[in-house]
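An overview of the molecular structure
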Amino acid sequence: MKNTYQVLKDSLLTYYKYGIIGNWVRIDASTLCQLECPICPHQKKGAMDKIGYGYLTFYNFKKFVDTHQSIKNIELSGYGEIFLNPMLLDIIRYAFKKGINLSAINGVNFNSVSEEVLEAMVKYRFRSICISLDGSTGDTYKVYRKGGNFSQVIRNIELINKFKTIYKTDFPILIWQFIIFGHNEHELSIARKRALELNMIFSPRFNWEPSFSPIKNKELVRKQVGAASEKEWAQKKTQPYLPHCLNLWASPQINWDGKLLGCCVNHWGDFGNVFESGLKKCLKSEKYIYARKMVLNKKPPRDDISCYYCPYYKNNNRMNLLRMFYGASPITMLFRIIRNKLYF
């Protein structure tokens, strides 16, 4: 109950101060990646031009935490692999010292992680890690995760579970993310079972680019996950499959160099630099306020706003995402976000 009260207090404070529902932000710890996954933005010409390649420095992380004390939860994964950040260990330690919950729910490939960092994630109570494992065998896994080593990822998972036993903690919560392709759909049930054996939450996801290795056996996939595509899932649930636009209100995305991107999909532009101007000024800028109104269909599309170029915005621009996903009341939205985030 005390934990719930504190989360509610912090969330109300950040809503009053920044206009964020909850007390989460996303800061991309690294846009560097050692894999060559075929449909990743890293492989698309020009897709990384605006956000660039680099990593979050400890100096900028510390400065952000020290100057935004009502922010209590920070998601670190984004366009790259967080474990390629050479300052990650210092970031994890400082976050723990300041009472900040860290997570990597957007996803990591978990191929290159030192034992020291694995232990630190357990020792300093890193909250959750979503690990991309698109298969239950090495041969299937490497079809998409080119350059990855399935066996090494499993060894890293086993090692972090060993540290969890030593430190007698459930954290970090481990999630097995399985992107469903035509070449791996037959391994869904096997991967689900293996995830259970490794004390992981199994999370199958649809491929965002259906032209690559499209699903072959739709009935099999429906039986496993309840739908055979994002569109089918959204129709059944009457809500967007991945409501990324909600990041603008619930967990705004910040690039590794401080650029405010707003959501985890945006790579077309920014809304100012948080490390230079502060979060409050960027969130209250004319462009950011306009972007929110665009998403709610209260303002017409404007081509100097990043959302204008986003396929998720275009697909959902006649839907009131907030009402659809969280209900009409801001208070209801707040409590549902808190309920969901207390778990992680």
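See the structure printed just above.
Scope of this entry: the structure provided in the associated data block.

Considering empty space enclosed by the protein
All told, the structure shown has 1 cavity of 30 Å³ or more when counted by the stated rule. Size it by volume and the largest cavity reaches roughly 120 Å³. Going through the elements one at a time, β8 (260–262) and α14 (311–316) are the ones with two or more residues in the lining of the largest cavity. Looking at the lining of the largest cavity residue by residue, the class counts come to 12 nonpolar, 4 polar and no charged.

Remarks on the pairing of strand β5 (residues 173–180)
The buried count for β5 comes to 8 of 8 residues, which makes it a mostly enclosed element. The alternating pattern of β5 places I173, I175, Q177 and I179 on one face and L174, W176, F178 and I180 on the opposite face, and all of these are buried. Pairing of strand β4 (residues 128–132) with β5 involves 5 bridges; the strand directions are parallel. Across the sheet, S128 pairs through a bridge with I173, a residue of β5.

Some thoughts on the sheet that holds strand β7 (residues 253–254)
Reading across from one edge, β6-β5-β4-β3-β2-β1-β7-β8 is the order of the 8 strands in this open sheet, with mixed pairing throughout. Among the strands making up the open sheet, the edge pair consists of β6 (201–206) and β8. Pairing of β5 with β6, which is carried by 6 bridges, proceeds in the parallel orientation. Across the sheet, residue I180 finds its bridge partner in β6, namely F206. Taken strand by strand, helix α6 (residues 150–167) contacts β4 and β5, and its axis lies near 160° from that of β5.

Quick look at the environment of T165
Its location among the elements puts T165 in helix α6. Using a relative accessible area of 61% as the deciding quantity, one classes T165 as exposed. Separated by 43 residues in sequence, T165 and V122 place their C-alpha atoms 9.5 Å apart.

Some points on the pattern of salt bridges
Counted by the stated rule, this structure contains 14 salt bridges. D66 is the partner of K98 in a salt bridge, and the nearest nitrogen-oxygen pair spans 4.0 Å. A residue pair is termed long-range when its members are at least 10 positions apart, and K98 in the loop between α3 (88–97) and β3 (101–108) and D66 in helix α2 (residues 58–67) qualify at 32 residues. In this structure, the salt-bridge partner of D139 is K142, at a minimum N-O distance of 3.7 Å. You can see D139 and its partner K142 sitting in helix α5 (residues 138–144), 3 residues apart, about one turn around the helix. Residue classification places D139 among the exposed positions, given a relative accessible area of 56%. Bridged by salt links that share partners, the residues E219, R222, E232 and K236 form one connected network.

Definitions and cut-offs
- Sequence order as written defines residue numbering, which begins from 1 separately in each chain.
- Note on the predicted model: pLDDT of at least 70 is required for a residue's local features to be given, and 80 or more for side-chain atom pairs to be given and counted; whole-chain, interface and lining totals, by contrast, use all residues.
- To obtain the side-chain values, all non-hydrogen atoms of the structure were included, while hydrogens and water were left out.
- Cavities and pockets were defined on a 1 Å grid built from protein atoms only: a cavity is a group of points that admits a 1.4 Å probe but offers it no way out, a pocket is an open group of points flanked by protein on both sides within 12 Å along at least five of seven lines, and a lining residue is one with an atom within 4 Å of any such point.
- Grid points are joined across faces, edges and corners, and a volume is the space filled by probe spheres set on the points.
- Helical segments are the DSSP runs of H or I of at least four residues, strand segments are the runs of E of at least two, and each set is numbered from the N terminus.
- When residues are grouped by polarity, Ala, Val, Leu, Ile, Met, Phe, Trp, Tyr, Cys and Pro land in nonpolar, Asp, Glu, Lys and Arg in charged, and all others, Gly among them, in polar.
- Type-normalised accessible area, obtained with a 1.4 Å probe on protein chains alone, sets the label of each residue: buried when under 20%, exposed when over 50%, and partly exposed for intermediate values.
- A strand pair is defined by DSSP finding two or more bridges across the two strands.
- Any two residues having at least one pair of non-hydrogen atoms within 4.5 Å are treated as being in contact.
- Under this scheme, a helix contributes an axis fitted over its contacting stretch, all axes are lines through C-alpha atoms, and angles between N-to-C directions fall in the 0 to 180 degree range.
- A pairing counts as a salt bridge when a side-chain nitrogen of Lys or Arg comes within 4 Å of a carboxyl oxygen of Asp or Glu.

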